[in-house]
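Coordinate analysis (summary)
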Amino acid sequence: MSQKRFFYCEAAGSVVIYLIATLLHFVYLLSGGSALSILFGAVNESVWEHIKIFAAGYILWAGMELLLCRLPFRKFLCAKVTGLYLLSGLIAGFFYLYTFLIGRSIPAVDMISAFVFVCLAQAVSYRITVTDRDTARFFKEAAMLLLLYFLMFFSFTIFPPKASLFMDPITGGYGIP
């Protein structure tokens, strides 16, 4: 696949990821709390649940790209894992920084910043994938980090640590209501 075509695929992915995350934000409520929606949808308004829905969209789109594009698998995995951790860190870090500074959250800021962070994660992923550097040498580390992410992804909704990242600011509860 040409770099130009892959670039457009990554750019389109930013919109697709955001739309998937928007759908996943409501899937738990719309499904009546089905088991599958607990794993992929937001079960409350905690920062973790918002990270989870964007991560789910990001991972789903990465899978689609892998099927649609002819990309070097090891390099692509390293790039996507880097983007995934970057996306998660930016969402949490920015939310806590701006809410600390102004004393409250603003939904419009959350939505706009999430889209910007998805675009940044996609841009970083693109650059790592197309670089001439041998990023594939980090494949084992990236695979382990992806496995760790999946373990966190599937366990922290059901067994959330008692930390602010996992607390629903509306109810004060953690995890599934």
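Residues numbered from 1 in each chain as written. Predicted model: local features only at pLDDT ≥ 70, side-chain atom pairs only at ≥ 80, totals over all residues. Heavy atoms only, no water.

Attention now goes to the side chain of lysine 80. One can find lysine 80 in helix H4 (residues 73–102). Engagement of the side chain of lysine 80 in a polar contact is seen with the side chain of serine 125, the distance being 3.2 Å. With residues up to four places along the chain from it excluded, the contact list for lysine 80 reads Glu10, Tyr58, Ala62, Glu65, Gln122 and Ser125. (Helix = DSSP H or I, 4+ residues; strand = E, 2+ residues; numbered from the N terminus. Polar contact = N/O pair within 3.5 Å; in protein donor to acceptor, adjacent residues only side chain to side chain. Contact = heavy atoms within 4.5 Å.)

Two cysteines, two sulfur atoms, one covalent bond between them: this is a disulfide. Applying the stated criterion across every chain yields a total of 0 disulfides. With no disulfide partner, cysteine 78 has as its closest neighbouring cysteine sulfur the one in cysteine 69, 17 Å distant. Cysteine 9 supplies the cysteine sulfur nearest to cysteine 119, a cysteine that is in no disulfide, at a spacing of 14 Å. (Disulfide = S-S within 2.5 Å.)

Where H4 contacts helix H6 (residues 139–155), the two axes come as close as 9 Å, and the packing angle between them is 45°. Considering the angle they form, H4 stands oblique to H6. Here the hand of the crossing between H4 and H6 comes out left-handed. Across the interface between the two elements, Phe73, Arg74, Leu77, Cys78, Val81, Leu84, Tyr85 and Ser88 of H4 pack against Phe139, Ala142, Ala143, Leu145, Leu146, Leu148, Tyr149 and Met152 of H6. In terms of residue class, the contact of H4 with H6 is made up of 14 nonpolar, 1 polar and 1 charged. (Axes fitted to C-alpha atoms, helices over the stretch in contact; angles between N-to-C directions. Parallel < 35°, antiparallel > 145°, perpendicular 65-115°, else oblique. Left-handed = near helix turned anticlockwise from the far one by under 90°. Nonpolar A, V, L, I, M, F, W, Y, C, P; charged D, E, K, R; others polar.)

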